[in-house]
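# Chain and residue survey
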Amino acid sequence: MTAIDPRPLTGEPLSLDLLNTRWVEEGVRRDLLTGVEGLAVWLAAHGLEGRFAADATTLRHTLAARDALAALVDRPGDPDAAARVDAVLGHGRIRATLTAEGPSEEAEFADPAWGPGWTAARAHLDLLRTAPDRIRACAHEACILHFFDTSRNGTRRWCSMAVCGNRAKASRHYARAKEA
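Residues numbered from 1 in each chain as written. Predicted model: local features only at pLDDT ≥ 70, side-chain atom pairs only at ≥ 80, totals over all residues. Heavy atoms only, no water.

With that out of the way, let us pick up helix α3 (residues 56-74). Here α3 spans 27 Å end to end across 19 residues, near enough to the 27 Å set by a 1.5 Å rise per residue. Among all positions of α3, only T58, L59, H61, T62, A65, R66, A68, L69, A70, A71, L72 and V73 are buried. The N-cap of α3, judged by a side-chain oxygen 3.3 Å from the amide nitrogen of T57 a few residues on, is D55. (Helix = DSSP H or I, 4+ residues; strand = E, 2+ residues; numbered from the N terminus. Expected span 1.5 Å × (residues − 1). Buried < 20%, exposed > 50% of the residue type's maximum accessible area, 1.4 Å probe, protein only. Polar contact = N/O pair within 3.5 Å; in protein donor to acceptor, adjacent residues only side chain to side chain.)

Have a look at this one:
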């Protein structure tokens, strides 16, 4: 039985969800991926638990992918960050197949332990193709979460309006009240 996912923000695209395995809770940095148990939770959240093992090697490679993606998101266009993601992508490939249902694609890995990290890095390419300007970090100064802005006008600023957005509004209100 897999443990419950303790993260405050889930459901983001795979690459951003991997970044969101680190968060701040009541001023304390948390990390879901401190052990294979947390990796199992993350794999289960994405239906990957049957495809990839939650072991130390997979955890190590998934953390390498997370660090590479974090560098790329924090420094878009940085050639070194892009090279780090490219190195992760070098551990897998897509093989075209023809099935009874028609044309398909299948991921292949020389080392399956790279599978989760590679899958997240590959999913990030789709975000970059779709709308790179919609990949965002939460605007709250104490938050380290990321999200893909799906709002109609593309102006979402907070990982969660109920949490970080509300904190910002309360801070502004308190500052105005203090001035008055």
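Counting residues in hydrophobic clusters, the biggest one holds 42 residues, and the most contacted among them are L16, L18, L33, W42, V85 and C159. Secondary-structure elements contributing two or more residues to this core are α1 (14-19), α2 (36-45), α3, α4 (79-89), α5 (115-130) and β6 (146-148). (Core = buried A, V, L, I, M, F, W, Y, C linked by side-chain atoms within 4.5 Å.)

So, about the packing of α3 against α4. Orientation of α3 relative to α4, taken along the N-to-C sense of each, is 150 degrees, at an axis distance of 8 Å. As summarised for this structure, α3 and α4 are arranged roughly antiparallel, according to the angle between their axes. Judged by the twist between their axes, the crossing of α3 over α4 is left-handed. Across the interface between the two elements, A64, A65, D67, A68, L69, A71 and L72 from α3 touch A81, A82, R84, V85 and V88 from α4. For the contact of α3 with α4, a count of residues per class yields 10 nonpolar, no polar and 2 charged. (Axes fitted to C-alpha atoms, helices over the stretch in contact; angles between N-to-C directions. Parallel < 35°, antiparallel > 145°, perpendicular 65-115°, else oblique. Left-handed = near helix turned anticlockwise from the far one by under 90°. Contact = heavy atoms within 4.5 Å. Nonpolar A, V, L, I, M, F, W, Y, C, P; charged D, E, K, R; others polar.)

Attention now goes to the packing of α4 against α5. Helix-helix packing is characterised by the crossing angle of the two axes and by the distance between the axes. At a minimum axis separation of 8 Å, α4 and α5 run at an interaxial angle of 125 degrees. Between α4 and α5, the angle falls in the class oblique. The way α4 lies across α5 gives a crossing that is left-handed. Residues V85, V88 and L89 of α4 form the contact with α5, whose own contacting residues are G117, W118, A121, R122 and L125.

This part covers α2. Taken residue by residue, α2 has G38, L39, V41, W42 and L43 as its buried positions. Considering only its buried residues, α2 is in contact with α1, α3 and α5.

The next point concerns the pairing of strand β4 (residues 102-109). Relative to β4, strand β3 (residues 92-99) runs antiparallel, the two being bridged by 8 bridges. Across the sheet, the residue bridging to A96 is E105, located in β4. Joining the antiparallel neighbours β3 and β4 is a turn of 2 residues. (Pairing = 2+ DSSP bridges.)

Taken as a whole, this structure holds 12 salt bridges when the rule is applied. Between E25 and R30 there is a salt bridge whose closest N-O contact spans 3.1 Å. Residue R30 is classed as partly exposed on the basis of its relative accessible area, which comes to 35%. Of the charged contacts, one joins R66 and D31 as a salt bridge, the two residues approaching to 2.9 Å between their closest N and O atoms. Of this pair, R66 sits in helix α3 while D31 is found in strand β2 (residues 28-31), placing the two residues 35 residues apart along the sequence. A single network of salt bridges, built from pairs that share partners, joins R93, R95, E106 and E108. (Salt bridge = Lys/Arg side-chain N within 4 Å of Asp/Glu carboxyl O.)

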